[in-house]
Each structure stands twice: as structure tokens, then as C-alpha cells.
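As a plain string of letters, each chain reads:
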Amino acid sequence: MRDDSIVKDRQRHRLIPQAVLLGLLTGGVSVLFHKAIDCAEAFRKSLLAFAYLTNSGSGMIFWSTLITLIIAVSAIRWLAPEASGSGIPHIKAILIGRRHFRWFRVLIAKFFSMFIGGVAGLVVGRAGPCVHMGSAIGQGLANLWPTKKHSDQLILVAAGGGAGLTAAFNAPLSGLTFVLEELERRCSTLEFFTAAIACMTADMVCRAVLGQQPAFHFENFTTPPLNLLIAFLPLGILSALLGSLFTRSLLWGQRLITLPIWPKWFWWLTLTLLLTVTAWKTPELLGGGHSFVNEILVGRQVPLETIALFFIGRFVLTIACSCSGAAGGIFMPILVLGALLGWAVGVSLQLLFPELNVDSKLFAVVGMAAYFSGVVQAPLTAIVVIIEMTSNYTLILPLFIACFTALLIANWLGNPPVYEALLENDLRKDRI
């Protein structure tokens, strides 16, 4: 027993320098990535403000969106087709030995395509690309480090993914939980140790540059009364049902876009029209949705019908943008859809049972985790993400009830986790 313990200690000590360097590099790249996407979104908003003042504003938005969309997709197709979408299914394929990692190409393609896509207003998130780029850095570090053990390479790829998620949300426990629950489900103490150091280091870099504020800002909630907890059951059920619809729609969209009966430019034109109309009518629905969620959490008031239209609009745009071929994650868009769903449930309860004094913002926060659990089926990651991003632990019981209800219903429906389904869809192409 003592010999085994000594061996494990030596293994952990061997990976400490790589883990620290991995966290530093992933944190540094993620900071640059955040700054670049913020600049892209600021440019898009400035262009949109200018377009409102001109007679041909809608045409200007259409052509700028089409050109940037084509550039974002072409960069992926030319540099690294595996960098399209969020990249998490690609990481899972690498970890099971079904794909090779062209890490430098993926890193460059992901960064550039997301930057250009931000100018276009694509409804995609930063988290998935941060995970993919973190794993790419892990692979690059494994290739360049003197030790060439294959097991170490996989450990660094998984740990880099966790560090990337940490850097996306300033949430180190979320990154570590994501590695354990989604990337490496048979995680040993060695993987856990390496991922923990990488996540901690990446978080320190991001906090030093970007600040230590939580990702979402809202007034602190009091602990919900016990008689209100049952209201989170229907939220979990709806999250599972609509989460199943999301996964199936995404898979259907990916298959539909590859059919040979229409050219690629048809889809680019269709998506450009959707983005142009949205930019002209409701520009807050574009982009990753971080600021949109913050508007909900500070108490924005809109009718229930408008919330439903927001949900439908974001749902359609998320599916369309995710199937475009450009880089972009679905992690944050899923959270935005969950916030809208929870918001709608909260407003409905206010109308039906005014005596309960329901806070719709509370349901919006819990809805993010519940919908993520219904789609990704990683409830622990969802719970930890929301707690870390809101710095609020009073939501623990509602989060557990809604998230595990969503998970149980999704399993009962036979709905696969979205990243597993996307991986299987990708591997199926090899068999055709």
C-alpha cells in the first residue's frame, strides 16, 4: 500500500508543472478571447446604431452579416473543420481515441471564427470554444513537453477543457465538475488533481485581469419557503420536454443542412435574413446572451407573451447558428433559454397564485440550471455553475429539485445528452 501511495504521489508531482503552465496559458488565451469578442460585439452595436440613422440601414446590416458569416464559416472549413460548433464532442472523441487533435489549427480557427461571428451577431456562446481551446492548449503542451506518455496527454486535454470552462465563467469548481461529469466520467485522482490545479490557475489569471465579480448580477434572494419548492417540479418537467426538443432540433438541423438538394449559400442567405430581421427588431436577442440574462435578473418587466416570443426566437436562432458551420458554443445559449423558460414559469405563477409572492427572477436563475440539466444531462455541473456565477447558495434546494427532475424526465423520455448525441452524429459520418 505504501509503495502504491508513493507512486501516485510521484505521478501527481510530475504533472504539477504542466498543470500550472496549462492554467496560465489557458487563462491568458481566454482573457484575449474575452477582449476580442467584447470588441466584436461593440463594433456590431456601433454598426447597428449607425444603420438606424441611414436610409439603407437594413441593407447595410444584411450585407455585413452575410460577409462576416461567410468569412467565419470559410475560416473553419479551410483551417480545421473539426473546430466548427462548440468543439466539446470533438474533445470527447479524442478522449476515447476516435479523433486526432490538430491543436494549433483548432486554436487559431476557433479564435478567429468566433471573433468574426461576434461581428455577425451569431447566437452562440463563448464557453464551448473556451473549453475546446483549453483542450487544444493541453494537447499542444503534451506534444511539446519532454514526457510523451499517452495517458498524460489525455489528462492534459481533459484538464485544459476544464480550465477553459473555468476561464469562461470565472468558476473553477464548475470547470472541475465539468471534467468529472462530462469529459472524463472515469476520472482518477490523477486527472482530478491535474484538472484542479489547471482550473485554479486559469481562474487566478482571469480574475487578475477581468475582475472578481460574478458573471451574473442580481439582488440576493432569501431562502425560498418550503411550500414553494413544489413549484420547481413543473419547471424541471418543462426543462426536460423542451430540452428534448432542443437536442432533436439540433440534430435534425445538422442533418438537414448537409442534404445535397440545396447549396450552402441557401442556408447562409436564410440565416443572414434571420439575423438581419432580429438585429432590426430585437437586437438584444443576438450574441451569446450574457447581458440579456443580466437584464432579466435585474427585474426587467415584459408580458408573458413577449417572453414566449423571446424563447422561440432564441431557440430558432441558436439552432440555426449552431448548424451554420462557424465556431460557437451552445453552453451559454442553453442557459439563456433556461432563464427565459424559468422567467415564464415564474410570471405564470405570479398570475395564477398572486398570494405566493413569487419572484420570477428566482425561477429564471433556477431555470438556467434546469434546462441545462435537461439538455446536457449534467446536473452537478449545472448546479455548481449557477451557484458560482451568482455567488448565491440559498438556491441549493430549488436547484436540486429542478435539475434532478429534469434529468429523470429526460432519461425516462430516452433523450440522449446533447454532446453525446452530437458525438454519435459525427462518428456516424465515418461509417457511411
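In what follows, the structure referred to is the one given above.
Residues numbered from 1 in each chain as written. Predicted model: local features only at pLDDT ≥ 70, side-chain atom pairs only at ≥ 80, totals over all residues. Heavy atoms only, no water.

Q: I keep staring at helix α2 (residues 57–79) and nothing clicks. Help me out?
A: Helical periodicity: at 3.6 residues per turn, an α-helix aligns residues three or four positions apart in one direction. Here α2 spans 33 Å end to end across 23 residues, near enough to the 33 Å set by a 1.5 Å rise per residue. Every buried residue of α2 is listed here: Gly57, Ile61, Phe62, Thr65, Leu66, Thr68, Leu69, Ala72, Val73, Ala75, Ile76 and Leu79. (Helix = DSSP H or I, 4+ residues; strand = E, 2+ residues; numbered from the N terminus. Expected span 1.5 Å × (residues − 1). Buried < 20%, exposed > 50% of the residue type's maximum accessible area, 1.4 Å probe, protein only.)

Q: Explain the nonpolar core to me, please; I cannot follow it from the model alone.
A: Proteins that are soluble and globular tend to have nonpolar side chains buried together. Core analysis: the biggest nonpolar cluster contains 128 residues, and Phe169, Phe246 and Phe331 have the highest contact counts within it. Looking at which element gives the most residues to this core, the answer is helix α13 (residues 331–352), with 14 residues. Taken domain by domain, this core gets at least three of its residues from each of domain 1 (1–210) and domain 2 (226–429). Residues within four places of Phe246 in sequence aside, it is in contact with Phe315, Thr318, Ile319, Ile330, Ile334, Leu337, Tyr371 and Val375. (Core = buried A, V, L, I, M, F, W, Y, C linked by side-chain atoms within 4.5 Å. Domains from an automatic or database assignment. Contact = heavy atoms within 4.5 Å.)

Q: When you look at the side chain of Ser239 in this model, what are you seeing that I'm missing?
A: With respect to the element layout, Ser239 can be found in helix α9 (residues 232–257). On the accessibility criterion, Ser239 (0% relative accessible area) is buried. Residue contacts for Ser239: discarding those within four places in its chain leaves Leu341, Ala370, Tyr371, Gly374 and Ala406.

Q: I'm lost on the packing of aromatic side chains in this one. Help?
A: In this description, an aromatic ring pair is defined by two values, namely the gap between the centres and the angle between the planes. Evaluation of the coordinates by the stated rule reveals 14 aromatic pairs. Taking the centre distance of 5.3 Å and the plane angle of 85° together, the rings of Phe62 and Trp63 count as edge-to-face. Between Phe246 and Phe315, the aromatic rings sit 5.7 Å apart at their centres with planes inclined by 90°, giving edge-to-face as the arrangement. Pair noted here: Phe246 is in helix α9 and Phe315 is in helix α12 (residues 304–322), with a separation of 69 residues, a long-range link. Members of the aromatic cluster, joined through ring pairs, are Phe169, Phe178, Phe331 and Phe372. (Phe/Tyr/Trp six-rings, centres within 6.5 Å; stacked < 30°, edge-to-face > 60°.)

Q: Explanation requested: a nonpolar patch on the surface in the structure shown.
A: Residues Leu226, Leu380, Ile396, Leu397 and Phe400 make up a contiguous nonpolar surface patch of roughly 460 Å² in combined accessible area. Structurally, the position occupied by Leu380 is in helix α15 (residues 379–390). (Patch = residues over 30% accessible without salt bridge, like charges linked within 9 Å, V, L, I, M, F, W, Y side chains within 5 Å. Areas by Shrake-Rupley, 256 points an atom, 1.4 Å probe, with all protein chains shown as cover. Salt bridge = Lys/Arg side-chain N within 4 Å of Asp/Glu carboxyl O.)

Q: What exactly am I supposed to notice about the side chain of Thr272 here?
A: By secondary structure assignment, the location of Thr272 is in helix α10 (residues 264–281). When sequence neighbours within four positions are dropped, the list of residues in contact with Thr272 reads Phe62, Thr65, Leu66 and Leu69.

Q: Would you explain the environment of Phe62 in this entry?
A: Considering the arrangement of structural elements, one finds Phe62 in helix α2. For Phe62 and Gly367, which are 305 residues apart along the polypeptide, the C-alpha to C-alpha distance reads 33 Å. In this structure Phe62 touches Leu269, Thr272, Leu273 and Thr276, once residues within four positions along its chain are discounted.

Q: Would you mind showing me how to read the environment of Phe400 here?
A: Assignment of secondary structure puts Phe400 in helix α16 (residues 396–413). Along the chain, Phe400 and Val366 lie 34 residues apart, while their C-alpha atoms are 9.2 Å from each other. Contact partners of Phe400, with chain neighbours within four places excluded, come to Ile383 and Thr405.

Q: What should I look at first to understand helix α4 (residues 103–120) in this one?
A: Over its 18 residues, α4 extends 26 Å from the first C-alpha to the last, a length consistent with the 26 Å expected when each residue adds 1.5 Å. Taken as a whole, α4 has its buried residues at Val106, Leu107, Ala109, Lys110, Ser113, Met114, Ile116, Gly117, Gly118, Val119 and Ala120.

Q: Before we go on, may I ask you to explain unusual backbone geometry in this structure?
A: Peptide bonds are mostly trans, and most non-glycine residues show a negative phi. Unlike most non-glycine residues, Asn170 shows phi in positive territory, near 55°. Here Asn170 lies in the loop between α6 (150–169) and α7 (172–183). Residue class for Asn170 comes out buried when judged on its relative accessible area of 10%. Positive phi values are uncommon outside glycine, yet Gln377 reaches one of about 60°. Relative to the helices and strands, Gln377 is located in the loop between α14 (360–376) and α15. On the basis of relative accessible area, Gln377 is assigned to the buried category, the value being 10%.

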